[in-house]
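# Summary of structural features
Read off the chains here:
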Amino acid sequence: SKTQVGFIGLGNMGKPMAKNLLKHGYPVIATDVFPESCKELQELGAQIVDNPAEVADQADRVVTMLPSNPSLSRLLTGYSPNTRIKKVKKGSLLIDSSTIDPAVSKEMAVAAEKMGAVFMDAPVSGGVGAASSGKLTFMVGGVEEEFTAAQELLTCMGANVVYCGAVGTGQAAKICNNMLLAIGMIGTSETMNLGIRLGLDPKLLAKILNMSSGRCWSSDTYNPVPGVMEGVPSGNNYQGGFGTQLMAKDLGLAQTTATNTKTPVPLGSLAHQIYRMMCARGYASKDFSSVFQFLREDEEN
Ligand code: NAD
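Reading the values: the criteria
Residues numbered from 1 in each chain as written. Predicted model: local features only at pLDDT ≥ 70, side-chain atom pairs only at ≥ 80, totals over all residues. Helix = DSSP H or I, 4+ residues; strand = E, 2+ residues; numbered from the N terminus. Buried ≥ 20, exposed ≤ 12 C-beta atoms within 10 Å, placed from the backbone. Contact = placed C-beta atoms within 7 Å. Near = placed C-beta within 6 Å. Nonpolar A, V, L, I, M, F, W, Y, C, P; charged D, E, K, R; others polar. UniProt positions renumbered as here; feature names shortened; annotations may be inferred. Domains from an automatic or database assignment. Axes fitted to C-alpha atoms, helices over the stretch in contact; angles between N-to-C directions. Parallel < 35°, antiparallel > 145°, perpendicular 65-115°, else oblique. Left-handed = near helix turned anticlockwise from the far one by under 90°. Arc of directions from axis to C-beta. Core = buried A, V, L, I, M, F, W, Y, C linked by C-beta atoms within 7 Å.

## Considerations on the overall build of the chain
Helices and strands together make up the secondary structure of the chain, namely 13 helices and nine strands. Dimensions of the chain, computed from C-alpha atoms along their principal axes, come out at roughly 65 × 45 × 35 Å. For the chain, with 301 residues in total, the buried portion stands at 46%. Nonlocal contacts in the chain, meaning residues at least 24 apart in sequence, comprise 64% of its contacts between residues at least 6 apart.

## Considering the site of the ligand
Contacts to the ligand come from 28 residues, most closely from Gly9, Gly11, Asn12, Met13 and Gly127. Looking at which element gives the most residues to the shell around the ligand, the answer is helix α4 (residues 69-77), with three residues. Here the residues of the shell around the ligand sort into 14 nonpolar, twelve polar and two charged.

## Thoughts on the UniProt feature "active site" (unreviewed entry) in the chain
Residues given the UniProt feature "active site" (unreviewed entry) here are Lys174. Inspection of the secondary structure puts Lys174 in helix α8 (residues 169-197). We classify Lys174 as buried; it has 27 C-beta atoms within 10 Å. If we ignore the near neighbours within four places in the chain, the residues touching Lys174 are Thr99, Pro123, Ser125 and Met139.

## Description of the domain arrangement of the chain
Segmenting the chain into domains produces domain 1 (5-165) and domain 2 (172-295). Centre-to-centre, using C-alpha coordinates, domain 1 lies 29 Å away from domain 2. With ten residues of domain 1 in contact, the opposing surface of domain 2 contributes twelve residues. Classifying every residue of the side of domain 1 that touches domain 2 by side-chain character gives five nonpolar, four polar and one charged.

## Observations concerning the packing of α8 against helix α12 (residues 266-283)
Axis separation between α8 and α12 bottoms out at 9 Å; the angle between their running directions is 70°. Relative to α12, the element α8 is oriented roughly perpendicular. Note that α8 runs across α12; the crossing there is left-handed. Across from Met179, Ala182, Ile183 and Ile186 in α8, the residues of α12 making contact are Leu267, Gly268, Ala271, Ile274 and Tyr275. Of the residues contributing to the contact of α8 with α12, the split by class is eight nonpolar, one polar and no charged.

## Looking at the UniProt feature "domain: 3-hydroxyisobutyrate dehydrogenase-like NAD-binding" (unreviewed entry) in the chain
Under the UniProt annotation, "domain: 3-hydroxyisobutyrate dehydrogenase-like NAD-binding" (unreviewed entry) lies at residues 168-294. The annotated region residues 168-294 carries 64% helix and 0% strand content, and the separation between its end C-alpha atoms amounts to 34 Å.

## Re helix α9 (residues 202-210)
Every α-helix winds through 3.6 residues per turn, so residues three or four apart in the chain are directed the same way. The complete set of buried residues in α9 reads Leu205, Ala206 and Leu209. Angularly, the buried residues of α9 cover 100° about the axis, an arc narrow enough to put them on a single face. Buried residues along α9 sit against α8 and α10 (217-220).

## Regarding unusual backbone geometry
Outside of glycine, negative phi angles account for most residues, and trans bonds account for most peptide bonds. For Asn237, which is not glycine, the phi torsion reads 55° and is therefore positive. Using a count of 12 C-beta atoms within 10 Å as the deciding quantity, one classes Asn237 as exposed. Despite not being glycine, Lys262 has its phi angle at roughly 50°, a positive value. Along the chain, Lys262 turns up in the loop between α11 (244-260) and α12. Judged by the 6 C-beta atoms lying within 10 Å of it, Lys262 falls in the exposed class.

## Comments concerning the environment of Ile8
Looking at the element boundaries, Ile8 is found in strand β1 (residues 5-8). Look at Ile8 and you get buried, because 29 C-beta atoms sit within 10 Å. Each C-alpha atom, one on Ile8 and one on Ala30, is 5.7 Å from the other, the two residues being 22 residues apart in sequence. Ignoring sequence-local partners within four residues, the contact set of Ile8 consists of Thr31, Pro52, Val55, Val62, Thr64 and Leu66.

## Digging into α12
For α12, the full list of buried residues reads Gly268, Ala271, His272, Ile274, Tyr275, Met278 and Tyr283. On its buried face, α12 is in contact with α8, α11 and α13 (291-295).

## Some thoughts on the nonpolar core
Judged by nonpolar contacts, the single largest core of 82 residues is most densely connected at Phe7, Ala18, Val28, Ala30, Phe119, Ala182 and Tyr275. At nine residues, α8 tops the list of elements feeding residues into this core. Formed jointly, this core draws a minimum of three residues from each of two domains, domain 1 (5-165) and domain 2 (172-295). Apart from residues no more than four positions distant in its own chain, Val28 is found in contact with Val5, Phe7, Ala18, Leu21, Leu22 and Ala46.

Structural data, given as structure tokens:
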């Protein structure tokens, strides 16, 4: 029978991911600082413990799905016994699926190695829907010899598991994708808005873009203009989907990595500022395609 898998962080993404491990027959031992998040998983048969240290005491494969850089640092190098793992089973595999700075992933790999564990970064593309249906894409960084072991677990939660290279490269791939997504969504939104003001029907304009060289994921799969497509957040007052705040966070990570590597990312930088302005104006929890609405705020003037 399969041995226990640890899971730390049962939020919007972590909970459905852990459920899929259970579904594939892996006993799960899990924790979250917010006890309410653990209820459903407990009812499904997972063992719930008080803190990450107890997870690491029992499981030699642990998946983390936490908010951001500080939660990861706290977990492996912090001071509080409530959030810190101090020791692991020898040879443990720690797989982090949170989106964080690749430099932090590298620091975590060093900290893990000191404890006798192997750390891999495996951030995901795909939102809560993909997490629930087990269709996430995992971008994995770390020592190649451990990839097969990670893959065995990740395929229970995702449709694509891609090895990217050394530790941190999974995060790098994730950050690059989201930076392009952010830029593309703003470009699509301002283009659609201009076309509408020039008298074009938005559905027709989208159709033309999608048979022309302006086509992109934001225009053909996730169009930001209400009424152009069904089943996307723009058709539902920008609820659900990928929050503007999360996009701003990922763009912040892109900026940090660009600064550290002296890489020019002028449009990534502008996109970051635009999504931050949106957060300050009440768009934080709306889907990021609401940038279309943001661009039209002064429509009456
Ligand atoms: P979330 O805030 O819903 O979940 C994070 C969970 O971690 C919370 O339940 C929190 O209580 C818990 N937590 C925090 N610190 C902890 C600790 N020390 N020990 C135990 N539990 C702790 O966030 P989410 O939406 O699930 O996202 C998680 C990560 O995945 C983020 O890095 C995010 O950027 C990334 N991501 C999210 C999406 C999405 O659509 N939501 C998509 C792709 C990637």
